[in-house]
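Remarks on the overall topology
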Amino acid sequence: MARKKIALIGSGMIGGTLAHLAAMKELGDIVLFDIAEGIPQGKALDLAQSGPVEGFDANLKGANSYEDIAGADVCIVTAGIPRKPGMSRDDLLGINLKVMKAVGEGIAQYAPDAFVICITNPLDAMVWALREFSGLPHQKVVGMAGVLDSARFRHFLAEEFQVSVEDVTAFVLGGHGDTMVPVIEYSTVAGIPVPDLIKMGWSTQERIDAIVARTRSGGGEIVGLLKTGSAFYAPATSAIAMAESYLKDKKRLLPCAAHLTGQYGVDDLYVGVPIVIGAGGVERIVEIELKGEAKANFDTSVAAVKELLVACKGIDGSLG
Ligand code: A3D
């Protein structure tokens, strides 16, 4: 069987890390694409030279032309600019919307059968716009945010409970932004829900509230520390988990930004919800019952995503 082909659109911090992970996991041959000349070629060569030491077989190629992504099975999009300190994800809107137009058209022309994972911020608006510009089926275009936000929540919970991260499951739903919704009722240690652990004296409501708040501003915390860009290791790992589920038809249930058509009372928006990713792309949208505060937070989050789409449509009339 021929190797799969993975196209990374954007070869910056996340793009390079994606290439490294995809090569180490032997997910397929890799094309690093960027508008910057030399960067994708340099990263591809550097990574290829790590192959003999690591023992992976993968062709790595750097490219500045969309022709090179032809026939890709998976495209992971990080093209654009990342947040700088003091900049909100929404400030990025105008610049990255233009980038999504170019990327969407490139994918439509050269890799129309690909499973596309968008990472570029502001995520929920960019994945929607990328789908519109590319014209690909909705089930083949998803956004990465929930896996990362949930991983941050899991990391903080594992630290709080002093247990292995492996045994902590967590759900962060809604938009990727300050309104994201860490759902504590569905977050567990080996199946024991967090509210039960609070009752058992493992933590207090106040401490969990602080963890929820830290998760919500998890990206900003890293931007503040790095000063020159945003997180890239965990975002790349999260997108690779999604790509792997598609390529290997693993049917993992992961929180991702998916296109909703009535689920959760939302129509024609990309919002973070649990989905099953398999060979068909988004094979199922899982509708869990959200109550009380979680429901209110989810609705606030949806309203924030809607506002972003109105802004996108204002900037680019073709998105009407
Ligand atoms: P960075 O290292 O700047 O890489 C972006 C790359 O995109 C650069 O190499 C640019 O040259 C390239 N680029 C710019 N315009 C184009 C274009 N038109 N076509 C092709 N390539 C282009 O950024 P990064 O890798 O750190 O982050 C990439 C994106 O991911 C940013 O928008 C971040 O805000 C976003 N991000 C999202 C999350 C989520 O959880 C959703 C997390 C972290 C970062």
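A quick note: this is a predicted structure, and the numbers were derived from the prediction, not measured.

Focus: the site of the ligand
Neighbouring the ligand are 25 residues; Met13, Ile14, Asp34, Ile119 and Asn121 lie closest to it. The contact in question runs from an oxygen atom of the ligand to an N or O atom on the backbone of methionine 13, over 2.8 Å. The separation between an oxygen atom of the ligand and a polar main-chain atom of isoleucine 81 is 3.1 Å. Protein contacts shield 88% of the accessible area of the ligand, which totals 870 Å² for the unbound molecule. Going through the elements one at a time, helix 1 (13–24) and helix 4 (93–110) are the ones with two or more residues in the shell around the ligand. Class assignment of the residues belonging to the shell around the ligand gives a composition of 15 nonpolar, eight polar and two charged.

Details of unusual backbone geometry
A cis amide bond links asparagine 121 to the next residue, proline 122, at an omega of -5 degrees. By the secondary structure assignment, proline 122 is in the loop between strand 5 (115–118) and helix 5 (123–134). Backbone geometry places lysine 227, a non-glycine residue, at a positive phi of 65 degrees. Looking at the element boundaries, lysine 227 is found in the loop between helix 9 (218–226) and helix 10 (233–247). Positive phi values are uncommon outside glycine, yet tyrosine 264 reaches one of about 55 degrees. Here tyrosine 264 is to be found in the loop between strand 10 (252–261) and strand 11 (267–278). According to the relative accessible area criterion, tyrosine 264 is buried, its value standing at 11%.

Notes on the UniProt feature "active site" (unreviewed entry) in the chain
UniProt annotation of "active site" (unreviewed entry) refers to His176 when read in the numbering used here. Within the element layout of this structure, histidine 176 appears in the loop between strand 7 (168–173) and strand 8 (181–189). Histidine 176 sits in the buried class, given a relative accessible area of 12%.

What to know about the UniProt feature "domain: Lactate/malate dehydrogenase C-terminal" (unreviewed entry) in the chain
The residues that UniProt annotates with the feature "domain: Lactate/malate dehydrogenase C-terminal" (unreviewed entry) are residues 148–307. Helix makes up 45% of residues 148–307 and strand 28%, whereas the separation of the span's terminal C-alpha atoms amounts to 23 Å.

A look at the sheet that holds strand 7
Read across the sheet, three strands follow the order 7-8-9 without closing on themselves; strand pairing throughout is antiparallel. In this open sheet, the two edge strands, each paired with only one partner strand, are strand 7 and strand 9 (192–193). Pairing analysis gives five bridges linking strand 7 to strand 8, with the strands arranged antiparallel. Directly across from valine 172, in strand 8, lies its bridge partner proline 182. Strands strand 7 and strand 8 of the sheet are contacted by helix 6 (residues 146–161), whose axis makes an angle of about 135 degrees with strand 7.

Cut-offs applied
Residues numbered from 1 in each chain as written. Predicted model: local features only at pLDDT ≥ 70, side-chain atom pairs only at ≥ 80, totals over all residues. Heavy atoms only, no water. Near = heavy atom within 4 Å. Polar contact = N/O pair within 3.5 Å; in protein donor to acceptor, adjacent residues only side chain to side chain. Areas by Shrake-Rupley, 256 points an atom, 1.4 Å probe, with all protein chains shown as cover. Helix = DSSP H or I, 4+ residues; strand = E, 2+ residues; numbered from the N terminus. Nonpolar A, V, L, I, M, F, W, Y, C, P; charged D, E, K, R; others polar. Buried < 20%, exposed > 50% of the residue type's maximum accessible area, 1.4 Å probe, protein only. UniProt positions renumbered as here; feature names shortened; annotations may be inferred. Pairing = 2+ DSSP bridges. Contact = heavy atoms within 4.5 Å. Axes fitted to C-alpha atoms, helices over the stretch in contact; angles between N-to-C directions.

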